[in-house]
Amino acid sequence: MKITILTTFPEMFTPLHTSMLGRAERAGLLTIREVDIRAYSKNKHHNTDDAPFGGGAGMVMLAQPIVDAMRDVQGEDFRGRRIYLSPRGQTLTQKKAEELASEEELILLCGHYEGVDQRALDLVIDEEISIGDYVLTGGELAAMVLTDCVARLIPGVLGCETSAETESFSSGLLEYPQYTRPREFEGLTVPEPLLNGNHREIEGWQLTEALYVTLKRRPEMAEAWLSGRKFSRAQKRLVDAVLERVRQETQEPADEARNSEPG
Ligand code: ADE
């Protein structure tokens, strides 16, 4: 997959070329390229922004350098998706990342200041994506988040295929807790089922804990997972036990309060 990032701050992207993604690039699984929008500015001082029509605070990014950069980068018969990172966009989800991972090429546009001239978006952008309901100073960090989360879905990038398998086993749930050596740390021990080498027992524990943490922290997510799934008899027993554990825990404080009421 090829990901090109149009930005006025290309120096911000060093982290994308290190660690797992750096290794994936060296292995030829992925190409990440930053393109400096400023280099396309036909303005005398290579400006990339100007004051907004209608007044107001801040500056707006000029359409010309963005449109020229995009057309140069995308070439003749571009097949892929051109995305503008913006808090106005559709929120990035794992499902969206999976959809984008199947594209041959992505071009990401990073905005700055108060935004981008709408005509640039109308002319050369296919969709807007937000990484969450908060506002960053620019689209660069959002482009890095999107790139990382899409790139790890490309086969071979994670380096070990079982990582993807593990995800499908409990996909739609939050991650179960993980442990490594030593077996005991500051008096805290590793849960017994993880130590005995019985794979069925380990998977049962992992499913149980993933469901438990999801029910506690993201009940709506657990609900969706539970309703869209068929369970074997053994899995059903595990699921029922977790539901009972959470039910008891949520009841306990109410019971305690009732018991301590006077009279
Ligand atoms: N640019 C500024 N804030 C953003 C956000 N939340 N998501 C994507 N791009 C942004």
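Residues numbered from 1 in each chain as written. Predicted model: local features only at pLDDT ≥ 70, side-chain atom pairs only at ≥ 80, totals over all residues. Heavy atoms only, no water.

With respect to the overall build of the protein
The number of helices and strands found in the protein is 9 helices and 9 strands. In the protein, which comprises 263 residues, the share counted as buried stands at 38%. Total accessible area on the protein stands at roughly 16,100 Å², and carbon and sulfur atoms take up 51% of it. With 30 positive and 43 negative side-chain charges, the protein shows a separation of 4 Å between the mean positions of the two kinds. (Helix = DSSP H or I, 4+ residues; strand = E, 2+ residues; numbered from the N terminus. Buried < 20%, exposed > 50% of the residue type's maximum accessible area, 1.4 Å probe, protein only. Areas by Shrake-Rupley, 256 points an atom, 1.4 Å probe, with all protein chains shown as cover. Lys, Arg positive; Asp, Glu negative; His and termini not counted. Charge placed at Lys NZ, Arg CZ, Asp CG, Glu CD.)

Details of the side chain of Glu209
Within the fold, Glu209 resides in helix H7 (residues 199-217). The exposure class of Glu209 is buried, given its relative accessible area of 13%. Apart from the residues lying within four places of it in its own chain, the contact partners of Glu209 are Tyr176, Pro177 and Arg245. (Contact = heavy atoms within 4.5 Å.)

Overview of the site of the ligand
The environment of the ligand is made up of Leu85, Ser86, Pro87, Ile129, Ser130, Ile131, Gly132, Tyr134, Val135, Leu136, Gly138 and Ala142. In the environment of the ligand, a nitrogen atom lies 3.2 Å from a nitrogen or oxygen atom belonging to the backbone of Ser86. Backbone polar atom of Gly132 to a nitrogen atom of the ligand: 3.2 Å apart, as the coordinates give it. If the ligand stood free it would expose 260 Å²; the protein chains cover 96% of that surface. Taken together, the elements giving at least two residues each to the shell around the ligand come down to strand E5 (81-91) and strand E7 (127-130). Counting residues per element, the shell around the ligand draws most heavily on E5, which supplies 3 residues. (Near = heavy atom within 4 Å. Polar contact = N/O pair within 3.5 Å; in protein donor to acceptor, adjacent residues only side chain to side chain.)

Quick notes on the packing of aromatic side chains
According to the stated counting rule, one finds 1 aromatic pair in the structure shown. The ring centre of Tyr212 lies 3.7 Å from the NZ or CZ of Arg245, which sits over that ring. (Phe/Tyr/Trp six-rings, centres within 6.5 Å; stacked < 30°, edge-to-face > 60°. Lys NZ or Arg CZ within 6 Å of the ring centre and 35° of its normal.)

Regarding helix H2 (residues 63-74)
Spanning 12 residues, H2 covers 16 Å between terminal C-alpha atoms, matching the ideal 16 Å at 1.5 Å per step. The set of residues buried in H2 consists of Ala63, Pro65, Ile66, Val67, Ala69, Met70, Val73 and Gln74. On its buried side, H2 packs onto strand E1 (2-7), strand E2 (31-36), strand E4 (60-61), E5, strand E6 (105-110) and helix H4 (118-124). Taken from the residues just after H2, Gly75 is the one with a positive phi, measuring 70 degrees. (Expected span 1.5 Å × (residues − 1).)

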